[in-house]
Amino acid sequence: MAETQFRYIAKKRRAKEHRRFVAGSGRFVADVALPGMLHVALVASPYPFARIRGIDAKVALALPGVSAVVTGADLAAATEAMMSGLDAPKLKRYPLAHGMARYVGEWVAAVVAESRALAEDAAELVEVDYEPLEPVVDPEAAIRPDAPVVHPEHGSNVLFRHKWTWGPVAADFAAADDRLSLRARWHRSSTVPIETFGVVADWNPASQLLDVWASVQMPKYPDQLARALRLPGNAVRVHFDVDVGGSYGVKRGLKHSILVGYLARRLGAPVRLVEDRLENMRGGDAQGPDRIFDIEAAFTKDGIVRSLKIRALDDCGAHAGRAPLQLGKPVGAICGPYRVNSVEYEAISVTTNKTPQEAVRGFGQSPTNFALETTIDRIAQRLGMDRIALRRANLIRAEEFPYTIPSGSTYDSGDYHAVLEKALTGADYAALVKRRDAARAAGKLAGIGIACCLEPSGGNSAFEPLFNPKNETTTWMEGCSIKVDLYGAVVVTMNTSSSGQGHETLASTVAGEILERDPETIRVVRADSLGALPSNSPVGSRMAIMLGGAAAGAAKKLKAAIIAIGAHKLGATPEEVDYAEGVVRLRGDPARQVSWEGIAEIAHRKFHELPPGMEPGLQAQHVLEVPTGGALPTADGRVQMYPCYAFETHVVYAEIDRITGQVALGPYLVGHDCGVMINPDIVHGMTYGGVAHGIGAALYERFRYDETGQFLSGTFMDYLLPSAHEVPDIKVVDHCTPSPLTAFGQKGSGEAGYLGAPAAISCAVNDALVPLGLAVAEVPMTPALLSDLIARAKKTG
Amino acid sequence: MKAADFDYVRAQSVAEACRLLDGAAGDGKIIAGGQTLVPLLAMRLARPALVVDIAGIADIQGIADETQSLAIGAATRQADALADPALARRLPLLAKGLRMVGHPQTRNRGTIGGSLANADPAAEIGLVARTLDAELVLRSSKGERVVPIAEFFLGAMTTVLSTEECLTRVRFPVWRDTGRIGTGFEEMSLRRSDFALVAASCQLALDTDRVCRRLALAIGGAEPAPRRFDAAEARLVGTRLEPGDLAAASRAVEAALDPITDAHASADYRRRVAGVLAVRAIEMARDEALGPRV
Amino acid sequence: MSEHEISLIVNGRPRRGRVPARQTLVDFLRDELRLTGTHTGCEHGVCGACSVLLDGRAIRSCLMFAVQADGAQITTVEGLAPEPGGLSVLQDCFWETHALQCGFCTPGMLIAAHALLLKESAPSDEDIREAIGGNLCRCTGYKQIIDAVKLAAQRMSGLNRPEPSRG
C-alpha cells in the first residue's frame with residue numbers, strides 16, 4: 001500500500017486536540033473541582049523496611065478542617081487486595097501499607113481535609129510507631145537464602161523465575177566457532193511525566209454510582225477499581241474525557257484510585273488526590289525496570305549469531321506492580337531484528353525494599369534492546385569485524401517475512417536492510433567517520449553509535465498467560481462507534497483516555513478516509529466507562545492498529561449502510577451505484593444521486609424509504625480483536641506476542657570529555673519504519689520525544705538508593721530530566737513496509753525512539769572508548785561513571 | 001508540597017526589615033527573589049514564623065559605579081545585573097558567571113544578594129565574589145558591618161549572617177591594573193543550568209610582554225564554600241601562562257583541594273575535574289586578555 | 001497565619017483576592033481565579049509548567065507567593081490570544097508544527113517563548129533553547145517546539161505570509 005493512494009491518511013494535518021491545549025483549555029484532573037471536594041495528603045514511611053506497630057492520628061484529627069485519617073487496616077477491611085498478575089495468591093497489596101512498610105516513601109496513612117495544605121499540616125501530626133527491620137536492597141543479594149524477605153507470607157523474594165529454551169540451544173553453542181559473555185546493567189529509571197497521577201471520586205448514594213476522573217492510562221481500570229471497591233462494574237463511571245498530561249505507560253494509579261473511591265464513599269463527599277512530586281517519586285509506585293542482563297552469545301567466525309542465552313534479573317521493588325510481566329513482553333522480540341536460531345531466556349523477578357515499578361514505555365523492550373545491541377557490538381569487536389557489516393549479515397532479510405522467531409512470535413513485515421541504508425545515507429555515515437577520526441587525531445574521545453532495534457506494537461499481551469498459566473486471557477480488543485445525525489454531522493466515539501497520542505486526530509482521519517469526508521468535520525468524543533465499548537487503553541503502541549482498525553471497521557459498516565440506503569432510494573442494488581465523498585450516484589447516470597444530507601434524512605426520518613429490514617438511524621460500531629491474537633502459549637512457552645513490528649535504526653555521534661566525563665551528542669538520526677503513518681507529525685513527534693527520553697535513560701536518569709535503602713532521587717534536582725539543552729536536533733528518515741495485518745498497513749509507534757536510543761548512545765560511547773581499550777555496559781552513563789572509568793584505566797594502564 | 005503557615009510582611013525599608021527580624025526572635029526569614037527559599041518552604045525544610053519581603057526596597061536595588069568598585073544592591077535581580085552595561089564592562093567575570101545561573105525565569109526573580117545569603121557551595125555568584133574579594137554590607141538594628149567574602153561563608157548553606165541581619169549591598173572591586181585584563185569561567189554541571197559540581201573562576205592581568213602580573217583563581221562546588229588557591233596563583237604570576245605553568249597550577253589546585261563526596265560525584269571526581277577546569281578557566285582568561293580589545 | 005488582601009491585573013483585568021501568606025501564585029491563579037491553563041508539575045521550581053509573565057517577564061509562579069504579586073501585572077496562557085476564542089501567532093505556530101502532544105507543559109512553553117519573542121525578533125536555535133531551557137517536556141523532544149518558535153518569529157516579522165488559523 002503506497003502512501004500516495006490515501007486521501008487523508010499519511011498527509012500533514014494539524015492535530016484536532018491541540019487547539020484546546022495551545023489555548024490553555026485542556027482539562028486535566030487537577031482542573032476538576034467539585035463543590036465540597038476534600039483533599040488527600042499521604043503519610044509516608046521513612047524506613048525501607050519496618051513493622052508498623054501503631055498509628056496515632058488523634059492530634060491530626062483535632063486540627064480544624066480535617067475530615068479523616070485512614071490506614072492500611074481500614075483499606076484491608078473494606079477493599080479487595082490488588083492483583084499481582086502472577087500466580088502468587090499470598091501476595092496481598094492494599095493502597096496503604098498494612099502491618100509492614102516495605103520501602104521508603106510507602107504510603108502508610110492518608111489524611112483528608114478541606115484543602116491540600118491543611119491535609120499536609122495534619123499529615124505531619126500523624127504519629128506512626130515503627131519497628132525498623134533489616135532491609136534488602138541489592139537484587140542479587142535478595143535471591144540468596146539468607147536475605148531479609150520482603151513478603152514473608154510469600155516465602156522468598158523470588159516473585160517469578162522461569163527458564164525457557166526455544167530451539168536447540170545446547171547444540172548451537174556446541175557447534176559455534178566462538179562465544180562471548182557479558183553483563184549489561186540497566187539502572188532504574190522511568191517515564192516520569194510532568195503531570196503526576198491524580199484522581200477524583202464522587203459517590204452518589206441516591207443513584208448508587210461512583211464517578212471517577214483520573215489521569216489514567218490503564219487497561220481494565222474501571223473493572224479493577226470496581227472489583228477492589230466491591231462494587232458491581234456498572235456502579236463505577238470512569239470519565240475518559242480527562243486530558244492526561246503524559247503517561248508513557250505508568251499512570252495506572254490503581255492504589256490511588258481505590259483509596260480515593262473508598263474515601264468518597266466513606267465520607268460522603270467528593271475526594272481528590274493529586275500526587276505532589278515528592279509523593280510521586282517515591283510513593284507513587286511508578287518507577288521502572290532495574291535490570292541485570294547476563295548474556296552469552298554463540299557465533300561463527302564470520303559473525304553469524306547462532307544462539308543466545310539471556311538471563312534477566314529484575315529488581316521489582318517491594319510489590320509486584322507490572323515489573324514481573326515487564327520481563328515477559330520482550331519475549332516477543334527476544335533476538336531483536338536478527339536471524340538467531342535458538343534462544344534460552346531466564347527471567348527472574350525479585351522483591352527488594354524499594355519503590356515498585358509500573359509499565360514503562362516499551363514494557364521492557366528498551367533495556368532488552370540495549371543488552372542485545374551491546375552484545376552485537378562486542379561480537380564485532382571480538383572478530384575485528386565492522387559493526388555495520390556484522391549487522392547486515394545477521395539482520396532478517398526482506399524476503400524472509402513473515403518471519404517466526406524461536407520464541408514463537410512472527411514478525412509481520414519489514415525491510416531492515418533498507419532502513420539501515422537510509423539511516424547511514426541520511427546521517428552521511430562516511431562524513432561522520434571522517435569527523436570521528438579527525439577528532440581522535442586531535443586527542444578527543446569520539447564515537448559513532450549504530451543501533452538496529454525493534455518496536456513491537458499492537459498490544460497482544462500474551463505475556464500474561466505466559467507468566468501465569470492460570471490467567472487464560474487472550475482477548476485484547478478495541479471498540480469504536482460512529483454515528484451520523486439527522487443533518488449529516490459525524491461523531492466518532494472512542495472508549496479510553498489519551499495522554500498526547502493524538503487519538504482524536506487518528507480516529508477522525510481514519511473515519512474520514514473511509515467515508516471520504518473531511519476529518520475537520522468529524523468530531524471525536526470519548527464515552528465514559530458505562531457507555532463505552534470494550535477497550536484495552538493505549539498501551540503497547542496499539543492504538544494506531546486497534547483504534548485505527550476499529551474506526552475503520554465501523555466506518556466501513558456505515559459506508560455499506562449509506563450505499564444501501566442510496567441504492568434503494570435510486571431503485572438500484574448496491575452493486576449498481578458508486579460512492580464518492582458521501583454521495584451515492586447511479587453508475588452510468590451520475591445525475592441521479594442521493595446527497596449525504598439526503599441519506600441522513602432518510603435514515604432518521606423517512607422510514608418508508610429505508611431498505612426493508614434495516615435499522616433506523618445511521619450508526620455503526622466495531623470491536624476488533626488484536627490481529628494474530630487469540631491463542632494461548634504452547635507448553636514450551638512459544639506464543640505470538642504483539643502483531644506488528646516497527647523498526648528503527650539510530651545513528652548518533654558522541655564525544656566524551658575525558659576528564660569531566662560529559663557526553664556531547666549530535667548529529668542524531670533515526671531511520672524509522674512503522675508502515676503507513678496515519679499522521680506523520682504525530683509519529684515523528686513521538687519519535688523525537690522517545691529519543692529525548694532515551695537520552696535521559698542513557699545519560700542522566702536514575703532512581704538512586706543508598707546501601708541502607710534510603711531514597712536519594714526524590715526531587716527534580718536529583719532525578720534529571722533532559723531539557724532542550726540536553727537534546728540535540730534529531731532527524732528522522734522514514735521508510736514504509738506496510739503491515740499485512742492492519743486496515744491501512746499501519747504499525748504502532750508510540751514507543752519509537754525510546755526503544756533504540758539508549759542502545760545507540762551506549763554504542764556510541766563504547767565506540768569512543770575503543771582507543772582506550774575500555775568498555776561500559778551500564779546505563780545511565782553519568783559523567784562521574786565515565787570519568788572514573790577513564791581515570792582508573794590511566795592509573796593501572 | 002504546600003508550605004507550612006507563616007506571617008508575611010512587605011518591608012518598606014531596610015530599617016523596618018531589621019526591626020521585623022528582631023521581633024521574630026530568630027524565627028524570621030528574608031525573602032527577595034525566593035528562588036531558593038520558596039522550594040525549602042514548599043518541602044517544609046524551612047518553617048519560619050515570619051517572612052520579610054525586601055524585594056521592593058528601592059535603596060537595595062541597582063548598581064552603582066564607585067570607580068574602585070561596583071556596588072550592587074542585594075535585591076538587584078540577576079537578570080537586571082546581567083543586562084547592566086556597566087557590569088558587563090567593569091565586571092566581565094560576574095557577567096560570565098551570571099549567564100550560568102539557573103534559567104531565564106529564575107534570573108528574572110532571583111537576586112544577587114539572595115544567592116550569596118543562600119550560600120550554596122556550587123553557586124556561581126558566590127564563586128565570582130570570592131574570586132574578586134568582594135565585600136558584603138550587612139545591616140541590623142544595631143548598625144552596619146562590612147564582611148569580606150573570605151569570612152562570609154562558614155560552610156555549605158551557612159554564613160555569618162545572624163537571624164536579625166539583612167545583606168544590603170555587595171561591593172565588587174574593579175581591577176584598575178594597567179595592561180590587559182581577562183576573565184574565565186568554567187563549570188561542570190550535570191545538565192546545563194544545574195548547580196555546578198565543580199566550577200573554576202579566574203581573573204588575570206597581563207603586561208605588555210604578555211607576562212601575568214596579577215591572577216585570582218577560585219574553585220566552587222567542590223568544597224563547602226568557594227575558595228582561592230594561593231599556591232596556584234603564586235605559581236602563575238610572573239609567567240606567560242604556558243602549558244607547563246598551567247599544568248603545575250593544576251597540580252597545585254588538586255593538591256590543596258579537599259573535596260566533598262555526595263550522591264552525584266565522589267571527592268576524587270571533583271578533584272580531577274577541578275584541576276582541569278582551573279586550567280580551562282585560566283586559558284579562557286589568558287586568551288581574552290591577549291585577544292583584540294573590545 | 002496571616003491573610004492578605006491583594007489586587008493585581010491578570011490578563012488585562014483587575015482581580016482581587018484574600019489569600020493566606022503561604023498560598024503560591026500558581027495556586028491562587030488556578031484555585032481562586034479558576035485560570036487552570038497554568039499547571040504545576042513539581043512545585044519546586046524546576047519543570048517550568050507554572051510559568052507566567054509577571055510585569056512582562058517570564059517567572060515560575062510556584063516559586064512566588066500570591067501575596068508577593070500584589071500590585072503586579074500577570075499574563076497567563078489564557079491571556080495570550082488577541083481576542084477571546086482566537087490564537088496568537090505563536091499559539092497558532094505551535095499548532096502548525098505539532099509542538100505539543102499531551103499539552104501539559106505547553107502553557108509554560110508558550111509563556112517562555114512569548115517572553116523571548118518580546119525582545120528578540122530573529123532568535124537563533126541557541127536563543128530558543130536558552131529561553132525554553134527551564135521548561136521540561138517529556139513528550140516532544142523539543143524539536144517541533146523550536147520549529148514553532150522560529151516559524152512564529154518569521155511570521156511576526158512578516159517574512160512569511162501568515163496562514164489563517166482554522167477555527
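For the rest of this paragraph, the subject is the overall build of chain A. Broken down by element type, chain A carries 20 helices and 29 strands. For 797 residues, the compact-globule estimate of 2.2 N^0.38 gives 28 Å, and chain A sits close to it at 28 Å. When the 797 residues of chain A are sorted by exposure, 66% land in the buried category. A separation threshold of at least 6 residues defines the contact pool for chain A, and within that pool the share at least 24 residues apart is 81%. For chain A, the accessible area works out to roughly 25400 Å², and carbon and sulfur atoms hold 52% of it. Here chain A holds 82 positive side-chain charges and 90 negative ones, and the gap between their average locations is 2 Å.

Below, the discussion takes up the interface of chain C and chain A. Across the boundary between the two partners, chain C contributes 46 residues, which contact 56 residues of chain A. On the chain C side of the interface with chain A, the three residues burying the most area are W95, R138 and K143 of chain C, jointly 20% of the side's total. Between chain C and chain A we count 6 salt bridges in total. The salt bridge involving D31 of chain A is made with R30 of chain C; its shortest N-O contact spans 2.8 Å. Broken down by secondary-structure element, the contributors of at least two residues to the side of chain C that touches chain A are α2 (89–97), α3 (106–119), α4 (125–132) and α5 (143–156) of chain C.

Attention now moves to the side chain of R185 of chain A. All names here are of chain A. Residue placement: R185 occurs in strand β8 (residues 178–186). With a relative accessible area of 17%, R185 lands in the buried category. Apart from residues lying up to four places away in sequence, R185 is in contact with P139, D290, R291, I292, F370, A777, E778 and V779.

Residue and element names in this part refer to chain C. Packing of α3 against α5 leaves a shortest axis separation of 11 Å and a crossing angle of 40°. If you check the angle between α3 and α5, you find them oblique. Here α3 runs over α5; the crossing is right-handed. Residues M109, A113, L116 and L117 of α3 pack against I145, V149, A152, A153 and M156 of α5. Partitioned by chemical class, the residues of the contact of α3 with α5 number 9 nonpolar, no polar and no charged.

Glancing now at the interface of chain C and chain B. Contacts between the two partners involve 33 residues from chain C and, on the opposite side, 33 residues from chain B. Buried area between chain C and chain B, summed over both chains or domains, comes out near 2800 Å², and the portion from carbon and sulfur atoms is 48%. At the boundary of chain C with chain B, the tally comes to 7 salt bridges. Salt-bridge contacts for K2 of chain B lead to D27 of chain C; the nearest nitrogen and oxygen are separated by 2.8 Å. Ranked by the residues each element gives to the side of chain C that touches chain B, the list is headed by strand β4 (residues 57–60) of chain C, at 4 residues. A class-by-class count of the residues in the side of chain C that touches chain B yields 16 nonpolar, 9 polar and 8 charged.

Here the focus is the environment of T191 of chain A. With respect to the helices, strands and loops of the structure, T191 of chain A is situated in the loop between β8 and β9 (198–204). Residue T191 of chain A is classed as buried on the basis of its relative accessible area of 0%. Between the C-alpha atoms of T191 of chain A and F467 of chain A, which are 276 residues apart in sequence, the distance is 24 Å. Setting aside residues up to four positions removed in sequence, T191 of chain A forms contacts with S247, Y248, V250, V360, R361 and H693 of chain A together with R138 of chain C. For T191 of chain A, the side chain forms a polar contact with the main-chain oxygen of S247 of chain A, separated by 2.8 Å.

This paragraph deals with the sheet that holds strand β3 (residues 51–54) of chain C. Residues and elements named next belong to chain C. Here we have 5 strands laid out as an open sheet, ordered β2-β1-β5-β3-β4, and mixed in their pairing. Among the strands making up the open sheet, the edge pair consists of β2 (13–20) and β4. Looking at each pair of strands side by side, their axes are set apart by 40° on average, direction ignored. As defined by bridge partners, strand β1 (residues 3–10) adjoins strand β5 (residues 73–75) across 2 bridges and the pair is classed as parallel. Bridged to I9 within β5 is Q73. On top of the sheet, α3 reaches β3, β4 and β5; it is set at about 35° to β3, its chief contact.

Looking now at the side chain of Q365 of chain A. Residue and element names in this part refer to chain A. Its location among the elements puts Q365 in helix α10 (residues 365–383). When its relative accessible area of 0% is taken as the criterion, Q365 is described as buried. Look past the residues within four positions of Q365 in its chain and what remains in contact with it is K329, P330, A333, L454, P456 and L755.

Before going further, it helps to examine the sheet that holds strand β12 (residues 271–274) of chain A. Residue and element names in this part refer to chain A. The strand order β3-β5-β1-β12-β9-β10-β11 describes an open sheet built from 7 strands, whose pairing is mixed. At either end of the open sheet lies a strand with only one pairing partner, and these are β3 (66–71) and β11 (236–239). Direction aside, neighbouring strands of the sheet carry axes that sit 25° apart on average. Note that strand β1 (residues 38–44) and β12 share 2 bridges and pair parallel. Considered in β12, the bridge of H39 is made with R272. Set on the sheet, helix α4 (residues 116–123) makes contact with β1, β3, β5 (107–113) and β12; between it and β1 the angle comes to about 30°. Strands in contact with helix α8 (residues 254–267) are β1, β3, β5, β9, β10 (209–214) and β12; relative to β9, the strand with the most contacts, it is inclined by about 30°.

Residues and elements named next belong to chain C. For α5, built from 14 residues, the straight-helix expectation of 20 Å at 1.5 Å per residue is met to within 8% by its first-to-last C-alpha distance of 20 Å. The buried count for α5 comes to 10 of 14 residues, which makes it a mostly enclosed element. Turning to α5, its buried residues are K143, Q144, I145, I146, A148, V149, L151, A152, A153 and R155. Just downstream of α5, G158 is the residue with a positive phi angle, here 80°.

Count 3.6 residues to each turn of an α-helix, and residues three or four apart come out pointing the same way. All names here are of chain B. With 14 residues, helix α11 (residues 243–256) extends 20 Å from end C-alpha to end C-alpha; this agrees with the ideal 20 Å at 1.5 Å per step. When α11 is considered as a whole, its buried residues turn out to be D245, L246, A248, A249, S250 and V253. Elements in contact with the buried residues of α11: β13 (212–220), α10 (230–236) and α12 (267–290).

Residue and element names in this part refer to chain A. Under the counting rule described, the total for this entry stands at 20 aromatic pairs over all chains. Put simply, the rings of F160, W164, W166, Y345 and F467 touch in pairs and so form one group of aromatic residues. Its guanidinium or amino end placed over the ring of W107, K255 lies 4.1 Å from that ring's centre, counting from NZ or CZ. Lying across the ring of W596, R517 places its NZ or CZ 4.1 Å from the centre.

Quick look at unusual backbone geometry now. Between F401 of chain A and the following residue, P402 of chain A, the backbone shows a cis peptide bond with an omega angle of -5°. Following the sequence through the fold, P402 of chain A ends up in the loop between α11 (387–394) and β16 (403–404). For the bond running from V779 of chain A to P780 of chain A, omega is 5°, close enough to zero to count as cis. Despite not being glycine, T67 of chain B has its phi angle at roughly 70°, a positive value. Summarising the element assignment, T67 of chain B is placed in the loop between β4 (63–65) and β5 (69–73). Overall, T67 of chain B belongs to the partly exposed group, its relative accessible area being 44%. Backbone geometry at D133 of chain B places phi at a positive 55°, although glycine is not the residue there. Along the polypeptide, D133 of chain B turns up in the loop between α8 (124–131) and β6 (135–140). According to the relative accessible area criterion, D133 of chain B is partly exposed, its value standing at 40%.

Once that is clear, we can look at the domain arrangement of chain A. Residues and elements named next belong to chain A. As far as domains go, chain A holds domain 1 (3–25 + 477–624), domain 2 (32–133 + 195–245 + 252–283) and domain 3 (361–457 + 640–796). Computed from C-alpha atoms alone, the centre-to-centre distance between domain 1 and domain 2 is 40 Å. The interface of domain 1 with domain 2 comprises 20 residues on the first partner and 18 residues on the second. Carbon and sulfur atoms supply 54% of the area that domain 1 and domain 2 bury against each other, a total of about 1400 Å² over both sides. It is S497, S529 and L530 in domain 1 that bury the most area against domain 2; as a group they hold 35% of the surface buried on that side. On the surface where domain 1 and domain 2 come into contact, there are 1 salt bridge. Between D243 and R20 there is a salt bridge, and its shortest N-O distance comes to 2.8 Å.

The rules behind these values
Residues numbered from 1 in each chain as written. Chains lettered and ligands numbered in written order. Predicted model: local features only at pLDDT ≥ 70, side-chain atom pairs only at ≥ 80, totals over all residues. Heavy atoms only, no water. Helix = DSSP H or I, 4+ residues; strand = E, 2+ residues; numbered from the N terminus. Rg over C-alpha atoms; globule rule 2.2 N^0.38 Å. Buried < 20%, exposed > 50% of the residue type's maximum accessible area, 1.4 Å probe, protein only. Contact = heavy atoms within 4.5 Å. Areas by Shrake-Rupley, 256 points an atom, 1.4 Å probe, with all protein chains shown as cover. Lys, Arg positive; Asp, Glu negative; His and termini not counted. Charge placed at Lys NZ, Arg CZ, Asp CG, Glu CD. Buried area = accessible area lost by both parts, 1.4 Å probe. Salt bridge = Lys/Arg side-chain N within 4 Å of Asp/Glu carboxyl O. Axes fitted to C-alpha atoms, helices over the stretch in contact; angles between N-to-C directions. Parallel < 35°, antiparallel > 145°, perpendicular 65-115°, else oblique. Left-handed = near helix turned anticlockwise from the far one by under 90°. Nonpolar A, V, L, I, M, F, W, Y, C, P; charged D, E, K, R; others polar. Polar contact = N/O pair within 3.5 Å; in protein donor to acceptor, adjacent residues only side chain to side chain. Pairing = 2+ DSSP bridges. Expected span 1.5 Å × (residues − 1). Phe/Tyr/Trp six-rings, centres within 6.5 Å; stacked < 30°, edge-to-face > 60°. Lys NZ or Arg CZ within 6 Å of the ring centre and 35° of its normal. Domains from an automatic or database assignment.

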